[in-house]
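# Coordinate analysis (summary)
So you can see what is in the structure, the chains are spelled out below.
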Amino acid sequence: MDTQQLPDNVLTTQLKKVVNWARRSSLWPMPFATACCGIELMATAASRYDLARFGAEAMRFSPRQSDLMIVAGRVCIKMMPVLQHIYQQMTEPKWVISMGACASTGGVFDAYATIQGVDQFMPVDVYVPGCPPRPETLIEGIMAIQRIVDQDGLPPKGGRRPLKLAVEPSYKPTPQPMAVGVPLTAGGRPV
Ligand code: SF4
């Protein structure tokens, strides 16, 4: 059809662009906040930073109503199956933000019980750096997700790694530093 014949109040576009525009303008986050980063996440949604400006203020505590997982804080190995379960229950298409040093790398908690990066067990789209990240940084992360949605719309076929069972970490744990030559004691008695 000749576009010259269209009246002025008609807009032509592609279906994919409209769907992506709707998706990126109505992200519903699933907050998985386990530690201090969660407070910054709450601040991002509060009036000063007003996440509603980006259409992402509707935090949902039911994974079936969410499409953006925000992992904010450290995750211990016992908690990882729960996180994976929630991720699996979220609707497709879905995206994941790893917020803060702890979620992305374990942060200062280089311990056997702390996951040294949630991306070892679930796909992560955007890493938000900081300890803790400021709300502006998280907003930039959400805008990065919006740019991903704009480009793809859907996760690329085969682009997502399958979930691993969180029975043990896939990294080699670093041995904890020990004082050399100092005998171990408990209650003043050698062990
Ligand atoms: S990255 Fe820093 S602020 Fe965030 S959970 Fe870890 S220690 Fe707390």
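The structure under discussion appears in the preceding block.
### Brief notes about the overall build of the chain
- When its secondary structure is counted, the chain shows 5 helices and 6 strands.
- In the chain, the succession of helices and strands from N to C terminus is α-β-α-β-α-β-α-β-α-β-β.
- Buried residues in the chain amount to 38% of all 191 residues.
- Accessible surface, the chain: about 11600 Å² in total, of which carbon and sulfur atoms supply 59%.

### Regarding the site of the ligand
- Every residue close to the ligand is listed here: Ala35, Cys36, Cys37, Gly73, Ala101, Cys102, Gly130, Cys131 and Pro132.
- Residue composition of the shell around the ligand, grouped by class: 7 nonpolar, 2 polar and no charged.

### Structural notes on the packing of helix α2 (residues 37-45) against helix α5 (residues 135-151)
- Put simply, α2 and α5 touch, their axes get as near as 9 Å, and they point 75° apart. Considered as vectors, α2 and α5 are oriented roughly perpendicular to each other. Across from Glu40, Leu41, Ala43 and Thr44 in α2, the residues of α5 making contact are Pro135, Leu138 and Ile139.
- Classifying every residue of the contact of α2 with α5 gives 5 nonpolar, 1 polar and 1 charged.

### A look at the pattern of salt bridges
- Scanning the model with the defined rule gives 3 salt bridges in all.
- Asp150 serves as the salt-bridge partner of Arg24, at 2.8 Å between the closest nitrogen and oxygen. Taken together, the residues span a long stretch of sequence, with Arg24 in helix α1 (residues 15-24) and Asp150 in helix α5 at a distance of 126 residues.
- Look at Asp150 and you get partly exposed, because its relative accessible area is 40%.
- Across the pair Arg147 and Glu140 runs a salt bridge, and its minimum N-O distance is 2.8 Å.

### With respect to the side chain of Ser98
- Mapped onto the elements, Ser98 comes out in strand β3 (residues 95-99).
- Look past the residues within four positions of Ser98 in its chain and what remains in contact with it is Val71, Ala103, Ser104, Val118, Val124, Val126, Tyr127 and Val128.

### What about the pairing of strand β1 (residues 29-33)?
- Among the 5 residues that make up β1, 4 are buried, leaving the element largely enclosed by the rest of the structure.
- Both β1 and strand β2 (residues 68-72) contribute to a ladder of 5 bridges, which runs parallel. Bridge pairing in β2 places Pro31 opposite Ile70.
- The β-α-β motif built from β1, the intervening α2 and the parallel element β2 has left-handed crossover chirality.

### Remarks on the pairing of β3
- Most of β3 is tucked away: 5 of the 5 residues are buried.
- Of the two faces of β3, the one lined by Trp95, Ile97 and Met99 and the one lined by Val96 and Ser98 are each fully buried.
- Between the parallel pair β2 and β3, the chain is carried across by helix α3 (residues 80-89), and the sense of this crossover is right-handed.
- Looking at chain direction, β3 and strand β4 (residues 126-128) are connected through 3 bridges and run parallel. Residue pairing for β4: Ser98 is matched across the bridge by Tyr127.
- This β-α-β element, β3 to helix α4 (residues 100-105) to β4, shows right-handed connectivity.

### Description of α3
- Buried residues of α3: Met80, Leu83, Gln84, Ile86 and Tyr87, and no others. One side of α3 holds all its buried residues, which, seen down the axis, span an arc of 160°.
- Those residues of α3 that are buried are in contact with β1, β2 and β3.

Criteria and cut-off values
- Residues numbered from 1 in each chain as written.
- Predicted model: local features only at pLDDT ≥ 70, side-chain atom pairs only at ≥ 80, totals over all residues.
- Heavy atoms only, no water.
- Helix = DSSP H or I, 4+ residues; strand = E, 2+ residues; numbered from the N terminus.
- Buried < 20%, exposed > 50% of the residue type's maximum accessible area, 1.4 Å probe, protein only.
- Areas by Shrake-Rupley, 256 points an atom, 1.4 Å probe, with all protein chains shown as cover.
- Near = heavy atom within 4 Å.
- Nonpolar A, V, L, I, M, F, W, Y, C, P; charged D, E, K, R; others polar.
- Axes fitted to C-alpha atoms, helices over the stretch in contact; angles between N-to-C directions.
- Parallel < 35°, antiparallel > 145°, perpendicular 65-115°, else oblique.
- Contact = heavy atoms within 4.5 Å.
- Salt bridge = Lys/Arg side-chain N within 4 Å of Asp/Glu carboxyl O.
- Pairing = 2+ DSSP bridges.
- Right-handed = clockwise from strand over helix to strand, strands pointing away.
- Arc of directions from axis to C-beta.

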